[in-house]
Amino acid sequence: DYSVSVERAEEQKKDSAGGGRVHYLQADVRHPPFARGAFDAVYAGAVIHYTPDARQAFEALAGVVKADGRMFVSLARRDLPPSAWLKALFIQTMRLFVRRLPLPATKVVCFGYALAQQGLLRVQHAVGLRKHRKIVPLWAKVRDSFDTFATPYYHRHVPAEVESWFRAAGFPAVVDATMPP
């Protein structure tokens, strides 16, 4: 993470599950500072598609998973259903616009978008739609909006492509656990 999220997480870890057993480290995901096979499990939640080369980042992280370990990734999808095309077009357009703004203006746009998105989801919940989507705290929505609109890279992938990465890295079973859009 390029931001100060690591420092914030370190300060708040006493209040989280795991408490003092959790340690945060800021490093380049493409060159993790760990020995090969160091971990039983690696979770890369919405991170590698924001790197210059998502496959390279995946392979670097896969290298630190034990031979019988597990790896979980979440990536932006390219094969969206027609119902999600308008949102994808909106995101691409916003990226062209927001990435040119100064940081304070970017933060305002991301806050406004997050507020509107959260409000829409609350209305959908109230009328019985999209109950499977959790309403996350506003600060998390703002952070996600910033990641989506302001980062220099935003790669999207199809499941078959990502599954081939898992197989090439030696993972015996691959499960696509995509959430509905």
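Residues numbered from 1 in each chain as written. Predicted model: local features only at pLDDT ≥ 70, side-chain atom pairs only at ≥ 80, totals over all residues. Heavy atoms only, no water.

1. Examining the environment of Val175
Then, number 1: Examined against the element boundaries, Val175 turns out to sit in the segment after helix H6 (159–168).
Then, number 2: According to the relative accessible area criterion, Val175 is exposed, its value standing at 73%.
Then, number 3: Along the chain, Val175 and Phe72 lie 103 residues apart, while their C-alpha atoms are 9.4 Å from each other. (Helix = DSSP H or I, 4+ residues; strand = E, 2+ residues; numbered from the N terminus. Buried < 20%, exposed > 50% of the residue type's maximum accessible area, 1.4 Å probe, protein only.)

2. Overview of H6
Then, number 1: Within H6 the residues assigned to the buried category are Pro159, Val162, Trp165 and Phe166. Buried residues along H6 cover an arc of 120° about the axis, so they all sit on one side. With respect to the buried face of H6, the exposed residues turned more than 90 degrees away are Ala160, Arg167 and Ala168.
Then, number 2: If you follow the buried residues of H6, they end up packed against helix H2 (54–62), strand S2 (65–74), strand S3 (76–77) and strand S4 (156–157).
Then, number 3: Of the residues flanking the end of H6, it is Gly170, one or two places downstream, whose phi is positive at about 90°. (Arc of directions from axis to C-beta. Contact = heavy atoms within 4.5 Å.)

3. Some points on the nonpolar core
Then, number 1: If you look at the biggest cluster of nonpolar residues, it comprises 16 residues, and the most contacted ones within it are Ile48, Phe58, Leu61 and Met71.
Then, number 2: Of all the secondary structure elements, the ones that give two or more residues to this core are strand S1 (39–45), H2, S2 and H6.
Then, number 3: Examining the composition of this core, we find that 5 residues originate from one element, H2, more than from any other.
Then, number 4: The contacts of Phe58, once residues within four sequence positions are left out, are Ile48, Met71, Val73, Trp165, Phe166 and Ala169.
Then, number 5: Judged by nonpolar contacts, the second largest core, of 9 residues, contains Tyr50, Ile91, Cys110 and Phe149. (Core = buried A, V, L, I, M, F, W, Y, C linked by side-chain atoms within 4.5 Å.)

Bear in mind that shape data such as this cannot, by itself, settle questions of function.
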